[in-house]
Every structure is written in structure tokens, then in C-alpha cells.
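Residue-level structural notes
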Amino acid sequence: MSFELTNAPTAFMDLMNRVLRPYLDKFVAVVIDDILIYSKEKEEYADRLRMVLQTLREHQLYGKLKKSELSLEKVVFLGHVVTKEGIKVDP
């Protein structure tokens, strides 16, 4: 991305929304450079993760493994705590 581009986060989020459109609001949420993949069952999660990673690869987009957190049972995301039991506001 060019150094002169001041709206890089917006452009990147637009790209991610276009690339992951088939999965948005079904089992994926995207906020700037965070991708949240969710499911109720671990087997289902593995399949969904595989689909998202394959889609990113097809568009020549890659993530950093050391920045990734996979298969978590509790996630703090956008001021909320997401668990199996549901979503609560982060205290």
C-alpha cells in the first residue's frame, strides 16, 4: 500500500469484507485487521477456519501465525466477552 494513502485501514477493511463476504454474519466477523471465526462445535470450527484460510490464500492474503489465537473458548472482542454461554459486555 502506498505511503500517501491515508485511509489504508478503511481500504483494507473494505478488501476483507469483499473477500470474506460469503461468510460474514454467518460465522465470521471482520474489524479492520481482526478476523473472528466462531462456531459452537470444535469440528465445525476447524472446517470454518479451513474455509476462511483457503479463501484468504486464493486472494493472496496471509496472516501471521504468531499474532493468531486459535480455538479459544473465551474471546474479548470489541468490548464484549464471547463464550459458549453467550455474549456479555466486558466489565
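Residues numbered from 1 in each chain as written. Predicted model: local features only at pLDDT ≥ 70, side-chain atom pairs only at ≥ 80, totals over all residues. Heavy atoms only, no water.

1. Remarks on the side chain of Thr 55
Stated formally: The way it works is that DSSP assigns letters per residue, a run of H or I at least four long becomes a helix, a run of E at least two long becomes a strand, and they are numbered from the N terminus. Any N or O atom pair separated by 3.5 Å or less is treated as a polar contact, with the protein-specific requirement of one donor-capable and one acceptor-capable atom, and with residues adjacent in sequence counted only for side-chain atom pairs.
Here Thr 55 shows up in helix H2 (residues 42-58). Engagement of the side chain of Thr 55 in a polar contact is seen with the backbone oxygen of Met 51, the distance being 2.8 Å.

2. Thoughts on the sheet that holds strand S3 (residues 74-77)
Within a sheet, neighbouring strands are paired by backbone hydrogen bonds and run either parallel or antiparallel to one another. To keep it simple, the criterion reads: Strands were regarded as paired on the criterion that DSSP finds at least two bridges between them. Throughout, an axis means a line fitted to C-alpha atoms (over the contacting stretch in the case of helices), and angles, computed between N-to-C directions, take values from 0 to 180 degrees.
Read from one edge of the open sheet, three strands run S3-S4-S5, paired in antiparallel fashion. Every interior strand has two partners, whereas the edge strands, S3 and strand S5 (86-89), have only one. Ignoring strand direction, the axes of neighbouring strands in this sheet form an average angle of 25 degrees. Pairing geometry for S3 and strand S4 (residues 80-83), over four bridges, is antiparallel. Pairing of Val 75 across the sheet is with Val 82, part of S4.

3. A few points about the environment of Leu 36
To keep things clear, this is the line we draw: Only protein chains enter the calculation, and the probe is 1.4 Å; a residue is then buried if its accessible area is under 20% of its type maximum, exposed if over 50%, and partly exposed in between. Whether two residues are in contact is decided by their heavy atoms: any pair within 4.5 Å suffices.
Mapped onto the elements, Leu 36 comes out in strand S2 (residues 34-37). Accessibility expressed as a relative area gives 17% for Leu 36, which makes it buried. Sequence separation between Leu 36 and Val 75 is 39 residues; the distance between their C-alpha atoms is 9.2 Å. The residues touching Leu 36, leaving out its near neighbours within four places in the chain, are Phe 27, Val 28, Ala 29, Val 75 and Phe 77.

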